[in-house]
Amino acid sequence: MRPDLAARAVDLRELMDEPDADLRMLEHTYRRFRVVNAVVSRPGALYRRDIRPRARAGRVRILDVGAGGGDLCRALAAFLRRDGLTADITALDPDERAMGWAAANDGGAGVHYRCAATDELVTAGETFDVVLSNHLLHHLTADQLSAVLDDTRQLASSTGFVAHHDIARSRGAYALFAAGTLPFARNLLAGSFIRVDGLLSIRRSYTAAELRAQVPQGWTVRSGFPARLQLRWEGARARP
Ligand SMILES: C[S@@+](CC[C@H](N)C(=O)[O-])C[C@H]1O[C@@H](n2cnc3c(N)ncnc32)[C@H](O)[C@@H]1O
């Protein structure tokens, strides 16, 4: 039976967010994020459009908020290395299970993994040229969203920008994810929360119109392919 996707299912909780989630399944979920992100999050496009031009102008400081298993950071590190460019990349997540697994699986990428909340970095006065997140927004309550937007805006330097990437809720996205992951449910994705949590995520996600109605002035919402949203804020002197 297809769920009702007319409104956000904010009361649903993803299995990976449970404090007593099976650790082996959770770690296998972090491992498999790389496959999912390669298909739906397309870090190569993010790198070419937003990171490489800045990295060519000088060393960039990148912060990934809610980094989970850290694969987006490692993918960016690999693109930069391939192009002979350098950056300081920080993966941030308040869940020590995620940061523990990610640090142990850095594979020489040189990413800095930090188990902390965004407000701790704000209090410390830290700033970054690029502040990113991927698949974070739909995890948050309205109050948490407001706090994360406020914090990430403050964490971006005046020449930097913030880009929160997430799924756009729609019947099509749900049907595509359900059909696309079904053949892999008993092999590639077995023993992970990817399929179950992915479907819950889509139900928890925003549409572009909902997100626009929720965010403060200065933030812009862009729609992308496949079923993607980008919530963006640019510093007063943001460079291309
Ligand atoms: C679905 S995972 C996404 C992981 C990774 N960004 C990716 O795309 O593969 C969401 C992550 O957000 C983290 N998270 C939840 N609430 C957060 C908050 N308020 N601030 C920062 N991270 C948070 C969770 O611990 C979890 O690791």
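Conventions we followed
Residues numbered from 1 in each chain as written. Predicted model: local features only at pLDDT ≥ 70, side-chain atom pairs only at ≥ 80, totals over all residues. Heavy atoms only, no water. Pairing = 2+ DSSP bridges. Helix = DSSP H or I, 4+ residues; strand = E, 2+ residues; numbered from the N terminus. Axes fitted to C-alpha atoms, helices over the stretch in contact; angles between N-to-C directions. Contact = heavy atoms within 4.5 Å. 1 Å grid on protein atoms, 1.4 Å probe; cavity = no way out; pocket = protein on both sides within 12 Å on 5 of 7 lines; lining within 4 Å. Points joined across faces, edges and corners; volume = space filled by probe spheres on them. Nonpolar A, V, L, I, M, F, W, Y, C, P; charged D, E, K, R; others polar. Phe/Tyr/Trp six-rings, centres within 6.5 Å; stacked < 30°, edge-to-face > 60°. Buried < 20%, exposed > 50% of the residue type's maximum accessible area, 1.4 Å probe, protein only. Lys NZ or Arg CZ within 6 Å of the ring centre and 35° of its normal. Polar contact = N/O pair within 3.5 Å; in protein donor to acceptor, adjacent residues only side chain to side chain. Near = heavy atom within 4 Å. Areas by Shrake-Rupley, 256 points an atom, 1.4 Å probe, with all protein chains shown as cover. Core = buried A, V, L, I, M, F, W, Y, C linked by side-chain atoms within 4.5 Å.

Things to note about the sheet that holds strand 7 (residues 228-234)
Thinking step 1. Here we have 7 strands laid out as an open sheet, ordered 3-2-1-4-5-7-6, and mixed in their pairing. The open sheet terminates on both sides in strands that have one partner only, identified here as strand 3 (112-114) and strand 6 (220-224). Neighbour-to-neighbour, the strand axes of the sheet open up by a mean angle of 20 degrees, direction not taken into account.
Thinking step 2. Across 4 bridges, the pairing between strand 1 (residues 60-65) and strand 4 (residues 128-134) is parallel. Along strand 4, the bridge assignment pairs Ile-62 with Val-130.
Thinking step 3. In this fold helix 3 (residues 71-82) packs onto strand 1, strand 2 (87-92), strand 3 and strand 4, with an angle of close to 170 degrees to the strand it touches most, strand 2.
Thinking step 4. Helix-sheet contacts for helix 4 (residues 96-104) involve strand 2 and strand 3, and the interaxial angle to strand 3 is about 165 degrees.

Side note on the layout of surface pockets
Thinking step 1. Reported here for the second largest pocket is a volume of approximately 300 Å³.
Thinking step 2. Looking at the second largest pocket, it is lined by 16 residues, and the ones nearest its centre are Ser-41, Arg-49, His-165, Arg-228 and Gln-230.
Thinking step 3. Of all elements in the fold, only helix 2 (43-57), strand 6 and strand 7 reach the threshold of two or more residues within the lining of the second largest pocket.
Thinking step 4. Across the lining of the second largest pocket, the residue classes break down as 6 nonpolar, 6 polar and 4 charged.

Quick word on the packing of aromatic side chains
Thinking step 1. According to the stated counting rule, one finds 3 aromatic pairs in the structure shown.
Thinking step 2. Arranged with centres 6.3 Å apart and planes meeting at 50 degrees, the rings of Tyr-30 and Phe-33 form a pair that is tilted. Here Tyr-30 and its partner Phe-33 are both found in helix 1 (residues 23-40), 3 residues apart, which amounts to about one turn of the helix.
Thinking step 3. Residues Tyr-47 and Phe-79 carry aromatic rings whose centres are separated by 5.2 Å and whose planes lie at 25 degrees to one another, so their mutual orientation is stacked. Taken together, the residues span a long stretch of sequence, with Tyr-47 in helix 2 and Phe-79 in helix 3 at a distance of 32 residues.
Thinking step 4. On the basis of relative accessible area, Tyr-47 is assigned to the buried category, the value being 1%.
Thinking step 5. One aromatic cluster is present, formed by Tyr-30, Phe-33 and Trp-101 through successive ring pairs.
Thinking step 6. The ring of Phe-161 carries the charged tip of Arg-232 above its face, separated from the ring centre by 4.3 Å.

Side note on the side chain of His-135
Thinking step 1. Structurally, His-135 can be placed in the loop between strand 4 and helix 6 (142-155).
Thinking step 2. The exposure class of His-135 is buried, given its relative accessible area of 18%.
Thinking step 3. A polar atom in the side chain of His-135 sits 2.8 Å from the side chain of Arg-228.
Thinking step 4. Leave out the neighbours within four places in its chain, and His-135 touches Asn-37, Val-40, Ser-41, His-165, Asp-166, Ile-167 and Arg-228.

Considerations on the site of the ligand
Thinking step 1. Among the 17 residues in the neighbourhood of the ligand, the closest are listed as Asn-37, Gly-66, Asp-93, Asn-134 and His-139.
Thinking step 2. At 2.9 Å from an oxygen atom of the ligand is found a side-chain nitrogen or oxygen belonging to Asn-37.
Thinking step 3. Starting from 600 Å² of accessible surface for the ligand in isolation, the protein chains cover 89%.
Thinking step 4. Its residues placed into classes, the shell around the ligand shows 8 nonpolar, 6 polar and 3 charged.

As for the nonpolar core
Thinking step 1. Core analysis: the largest hydrophobic core is formed by 44 residues, its most contacted members being Ile-51, Ile-62, Leu-76, Leu-80, Ile-89, Val-111 and Leu-132.
Thinking step 2. Per element, the largest residue contribution to this core is 5 residues, and it comes from helix 3.
Thinking step 3. Residue contacts for Ile-62: discarding those within four places in its chain leaves Ile-51, Leu-76, Leu-80, Ala-87, Asp-88, Ile-89, Thr-90, Phe-128, Val-130 and Leu-132.

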